[in-house]
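Close look at the chain arrangement
Residues per chain are reported as follows:
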Amino acid sequence: MAREKLAQDVLEAALKERPDWKMTDDGKAIERRFVFRNFSEAFAFMTRVALKAEKMDHHPEWSNVYKTVDIRLTTHDAGGLTELDFVLARRIDAIFGG
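Reference entry: report on the structure contained in this document. Every value quoted in this text rests on a predicted model; they were computed, and no experiment measured them.

1. Observations regarding the packing of aromatic side chains
Taken as a whole, this structure holds seven aromatic pairs when the rule is applied. Arranged with centres 5.4 Å apart and planes meeting at 85°, the rings of Phe 36 and Phe 96 form a pair that is edge-to-face. Here the residue Phe 36 occupies a position in the loop between strand 2 (30-35) and helix 2 (39-56), and Phe 96 occupies one in helix 3 (residues 83-97), the gap between them amounting to 60 residues. Aromatic rings pair up to connect Trp 21, Phe 34, Phe 36, Phe 45 and Phe 96 into one cluster.

As structure tokens, then:
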């Protein structure tokens, strides 16, 4: 998968496919908040995401407070968003949804 920064038109199209993810103010990352019924569900979700991210060698920035998980995706070595970020976002959405 490409670790090259996405062109603006490709970036805009990718964002339309992931409407629950929002661009950060600096335009270098996307982020989303996930809310669960309790801490155990949030932690289980993070574990599943961690396994996918490790296989991709692409790791999220995230935080967890009780039943809420905030995730921020960016490709640091590209200085912004790449295909990897949107592939991981899609996989995260699939974990959350099913």
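Having seen the model, we can carry on.
2. Comments concerning a nonpolar patch on the surface
Where nonpolar side chains cluster on the molecular surface, the patch consists of Phe 39, Phe 43, Val 65 and Tyr 66 and spans about 450 Å² of accessible area. Of note, Tyr 66 is situated in the loop between strand 3 (61-65) and strand 4 (68-73). Overall, Tyr 66 belongs to the exposed group, its relative accessible area being 51%.

About the criteria used
- Residues numbered from 1 in each chain as written.
- Predicted model: local features only at pLDDT ≥ 70, side-chain atom pairs only at ≥ 80, totals over all residues.
- Heavy atoms only, no water.
- Phe/Tyr/Trp six-rings, centres within 6.5 Å; stacked < 30°, edge-to-face > 60°.
- Helix = DSSP H or I, 4+ residues; strand = E, 2+ residues; numbered from the N terminus.
- Patch = residues over 30% accessible without salt bridge, like charges linked within 9 Å, V, L, I, M, F, W, Y side chains within 5 Å.
- Areas by Shrake-Rupley, 256 points an atom, 1.4 Å probe, with all protein chains shown as cover.
- Salt bridge = Lys/Arg side-chain N within 4 Å of Asp/Glu carboxyl O.
- Buried < 20%, exposed > 50% of the residue type's maximum accessible area, 1.4 Å probe, protein only.

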